[in-house]
Structures are given as C-alpha cells and as structure tokens.
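What follows is each chain in one-letter form.
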Amino acid sequence: MILIILKSALSMAVFLLLYRLFLEKESLYRFNRFFLLGSLVISLTLPFVVLPSFFPRIQETPKVVWEQLLPVEAPMEAEVFKSGLVSEKQTAEKTPIEIHSVYEFDWYLVVGIVYFLGFLLFFSRFIIQLIQFRKLKSTNPLLQKDGYQVVLLPEKNLPFTFLDYLFVSEVDYKANKIEPEIWEHELTHIRQKHSWDILFVEVLKVLLWFNPLLLLYKKAIQINHEYLADEAVNRQFQNKTAYQMLLFSKVSQSQINLSLSSRFNFSVTKKRLIMMGRFTSPGKSILLKGLTFSIVLAVFFSLASSGITSANPISLSLLKSSVEEYERIIWEASDKDQPYVLDISKLDLPKLKQAFDRLNEEEKENVTEFPFFDDGAFSRLQALLKISNKVQVVMQYNAPPPTKQVKTEIWENWKKTKNVELEIDGETQDISVLESYSPEDFVMFEVRGTEPKRFLKKPSYTVKLTSPKEYHRQFILPKKELRAIAAHFVNGDKAEVSYLPKFIFFRDQGMHISRNQDSHIPQNYEASILDAFLNYSPDSYRVGNIILDDDLKIEIPIILIRDGDRKQVFVPLVDDGGTNTESNGRSTALNQLY
C-alpha cells in the first residue's frame, strides 16, 4: 500500500512539474484542462496497472508467508549441563507464535486511526460546503433560465456559480447592474461544467487528504477555468481592453468564500490579464502536445507494475496481490497439522500456475519454492493428480526450528550465575538485564559451553535468547525452500528425493559436485523426479554406491523405503522429449504393482 501511494504521488508530482514548465503559460486552455484531470486519473490508476515484464518497472515485493496463519509450536530437549543452567532432559513447554505476538507495537493501527481522523475532518468539511450551497439555494428566490438557474442573494456580492446555479446579488440583478461580460463569464463556467472538475478534486482531497499535491492541482485547475471563461468572453465581445478595465474595477468588491464554487476570482487578476495577451502558434502547440504525451507514456511505463504473461497483457488488480493469491493457494493445500508439508492432491494447479505467471521475476524469487511450472514437470504433475488414488505426492519444506521456553527455575539460576555471557536477538547483553524480562518474553533459547572447567576455574557458558519478533524475522519471513519430494504408494512403498543437493551430479558409479550451481543444474531435473513417481518400477532401478568422479550426472538418487528397509537407488534423467505422461501415468508397471 505504501508503494502504491508513493507511485501515485510521484506520478502526480512529475505531471504537475511538466504542466508548470511547459503548459501553464501557453494558451492551450482546453488541452490543459484535459491534461490536469487526466494526470490525476492516470496517477490514481497507474499503480494498479500490470504490464508485460519487458517494460521497466518499480515493483513492490510483499512478504507474504502462509506460515503466518499458524502458530508454530514444538517441544525440544535441551542438553544436560551439570552447572544447572538447564534442567536435566528438559522438555520445553510449547510456545505458540501468533501474528499479534510478533510485533511489539501495531503501527498499522496507529496509521489507520490517523487516516480515519483526517478523512473524517475533510469529509465533514466537504459535507458542510454542500449544505451551505443547498441552504443558499433553498432559502433564496430561484429563477429558472434556459439551461441554468439564478439564485438571488440578499447580500451584495460578486456573481459565482456551482453546477448549474448562478448566484448573484438580488439588488444588482433587479437593477440590471450586472455587466454582460461578467454574466457571460459565469455562464461559461456552467456550460463547460467546471464545477464537476472541482468536485472531483475535492473528493480526492477527502480520500487522500495527506497528499498536498492535490491543493496545487486544484489551484491550477481553477485558474485554468478562469482562462477558459475569459477566452469565451473575449471571443464573444471582441473588446479585450474594455474587459480588462472591467476586471480592474471589480477587484475590490466582496464575494462569498466557498471553495467548491467557480467564482469571479480576482486574486489572480494579474495572471489572467497576462494570459489574455498570450498566443500559442499551431506549430508550437503540436510540439508541446507531442512532448507531453511522450513524457506521460514514459512515466506510465516506468511506474506501472510488471510481470504477467502475454495472454493477459494489462489487468487492473484492485483485489489481493498475486503474491498473496499464490501463497494462499499453497497454504490451502498444506497439511494443517504439519504446515510445512504440501499435499499435491489438494492443490489447485491451474490457479497456482495462473498466480505464478502473474508474478514478476523478483516476486518469483521470493515466494514459496515450487519449481514445477515448466511444461515437462507440470504435465507430469497433472498426470499424478489423475492417479492420486494410487500415488500420493507431497512436498516437504524446511521448517523453522521448534520453539522452547525456559523453565522458571533455570531462568532464576541464570540470573545468579556470574560466568554466563548473554545474547538477546544476537546482541550481547549484561546478565543483569534478565531482571527486566521474564521467561515468557522469549520463544527459543540455546546454552553453549564456551570454556571448559579447569583447575580453580568454573566453566563459562553463552545463553542465547530469541524473542518472538526475532524468531519471526529469522525463520518465518524468509522464502520457504523445498527440502524433499516424496511419493506414497498404495502398496506401502515410499520414495523420497532430497531437493537440496540437486547440484550434485551422478553418473554410473561416479559423482560430480558442482561449484557453479546455476550452470550445472541438469535439464529436466524436476520432470525426472515426477516421472520416476509416475512410472514407478522399483525392481528396475539401479542400486550402487557413490564415488567421486568428474562426469556429468545422468541419474537421480532416490531413497526407497519398502517393507521397512531403506535403500538408495538411481533413476535416469528423462530426455528433452520427455515421456508420454498421459499413457505412462497408467503404465504397465503401475498396473502390475496394484
């Protein structure tokens, strides 16, 4: 949300600077009106526009993790220290980690309250202005005219307009003292519907009251309205000098101060008189308009989001972000008792792929790892879903370390011990600071011996404490990495492939350990793993030992668990053409197995 607001504000600032530098002093009044209003519309919608990834972008990468939805809890046994710093075979108490316990101060709540108070203030002001106009209209005589209505006011004021209402002094109107030039000026505001421009900006000021640029936009739009009205008067009466003298004569007269109205505004008389003498040639007009459109396009493509497929080149995403959607789909397929285990049979693959395709490259690098979107792996995954009654495939992710809470007696023992070095969230602290905390303030601890016991010298220890906030930062927020892929077969067999050493390559009875992972990750690695599950044939797999060699791998190691026995077997990589997953998904080997 912050990035969206910043993008919008930056776009407004650039467009307003463009207007001030190139357009404000030119007699392109109609184009300027279109540009100022269009700039606001573009600035408000630009952060939600998604373009193909080859356009430059400024992209937000939200940190959305599906583990935040669950408490993280597990027991852990501590080592036995005779010093009494930890209890013998201590089993840690379960400590749930929840979102509300991670952050010490809810800044979102504070910002939300401040925004709501500002919104309430500006909304109230806006409503009061509307009520004032309604009161002026309903409590004073009203005359129906052709296309507009005249409201006669008892006070002696300069004329002003709002929507299709022209507010004038009753005394001046009945005495016929309102000059035709002034009358035409105000009617131009009504005919060209200038009040709607002001209402649009006022609504934006209510919603985005914290953005000062809207005040500058409103001022620019209002003075441009005056230029348009002056242009209409001079076009009709063809006496610019007389009109200018008339403006001077009206400068000191009073007027009602209502910010929503199009008033005969004489605070900017000097600018208006100067602009009456300006003329922009057709050639310069074309040049300025071309330059303006070029800069607008450059800003648009620079600040718009990026990262979706060509099948849907531009989409307005006013709902959840694609990252949230992607993580939500994975979360819904995870085991609720074991949130770091993903059951493929519960996964909505088409939706997941659509969400993944909408991510940009930076987002793809930071979301939960699921490296099965290439054609070979994805088609095999779909085939495995069709036979999920025979083969259950699960993805196992690296889980955070289990939490453990300090027992009260151990905590008290720490405070009394002199030979203990204390670390809280990675920072060294004096042991005396424990007086300011309680065991419930931490969700994980570790005790390590730093110096052994010697003659006349006690052993030294380091106690490391981790707060919920630090635990969340270190273990919950980072990208979730795939640790293993497993398949459970209905006959009781289980096959596991470790995903971490995918850059260790095997060939026959040799092994090559790559020092450059990116250049040596084998082709069709993920597809080959899934193909082994899809065409499960355990008796045909090679069994052997691993020795060092320099050859490139053509086989993948699989741990096969059968009748309680574990053994490592090797399956070959599929070739570039792959295998026919539709037919092999119901292969003879599987049919014979079941």
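What the protein chain contains, in helices and strands, is 21 helices and 21 strands. For the protein chain, with 594 residues in total, the buried portion stands at 46%. As displayed, the protein chain offers around 31,500 Å² of accessible surface, 56% of which is attributable to carbon and sulfur atoms.

Here the focus is a nonpolar patch on the surface. Together, Met-1, Ile-5, Tyr-115, Val-203, Leu-207 and Phe-210 line one region of the surface with nonpolar side chains, adding up to about 510 Å² of accessible area. Mapped onto the elements, Ile-5 comes out in helix H1 (residues 2-23). A residue is classified by how much of its surface remains accessible, and Ile-5, at 34% relative accessible area, is partly exposed.

On the surface, a cluster of positive charge is made up of Lys-25, Lys-219, Lys-271 and Arg-278. Counting through the fold element by element, Arg-278 comes out in the loop between helix H10 (269-276) and helix H11 (282-303). Residue Arg-278 is classed as partly exposed on the basis of its relative accessible area, which comes to 35%.

All right, on to the pattern of salt bridges then. All told, the structure shown has 23 salt bridges when counted by the stated rule. Arg-30 is the partner of Glu-231 in a salt bridge, and the nearest nitrogen-oxygen pair spans 2.9 Å. Placement of Glu-231 in helix H8 (residues 213-237) and of Arg-30 in helix H2 (residues 29-45) is noted, with a sequence separation of 201 residues between them. One salt bridge in this structure joins Glu-412 and Lys-415, with 3.3 Å as the shortest N-O distance. Taken together, the positions of Glu-412 and Lys-415, both in helix H16 (residues 408-416) and three residues apart, correspond to about one turn of that helix. When its relative accessible area of 23% is taken as the criterion, Lys-415 is described as partly exposed.

This part covers the pairing of strand E5 (residues 165-169). Buried residues dominate E5, accounting for five of its five residues. The alternating pattern of E5 places Tyr-165, Phe-167 and Ser-169 on one face and Leu-166 and Val-168 on the opposite face, and all of these are buried. Bridge count between strand E3 (residues 149-153) and E5: five bridges; the pairing is parallel. Across the sheet, the residue bridging to Leu-152 is Val-168, located in E5. As judged from the three bridges shared by strand E4 (residues 160-162) and E5, these two strands associate in the antiparallel manner. Looking at the pairing, Thr-161 lines up with Leu-166 of E5.

Rules used in this analysis
- Residues numbered from 1 in each chain as written.
- Predicted model: local features only at pLDDT ≥ 70, side-chain atom pairs only at ≥ 80, totals over all residues.
- Heavy atoms only, no water.
- Helix = DSSP H or I, 4+ residues; strand = E, 2+ residues; numbered from the N terminus.
- Buried < 20%, exposed > 50% of the residue type's maximum accessible area, 1.4 Å probe, protein only.
- Areas by Shrake-Rupley, 256 points an atom, 1.4 Å probe, with all protein chains shown as cover.
- Patch = residues over 30% accessible without salt bridge, like charges linked within 9 Å, V, L, I, M, F, W, Y side chains within 5 Å.
- Salt bridge = Lys/Arg side-chain N within 4 Å of Asp/Glu carboxyl O.
- Lys, Arg positive; Asp, Glu negative; His and termini not counted.
- Charge placed at Lys NZ, Arg CZ, Asp CG, Glu CD.
- Pairing = 2+ DSSP bridges.

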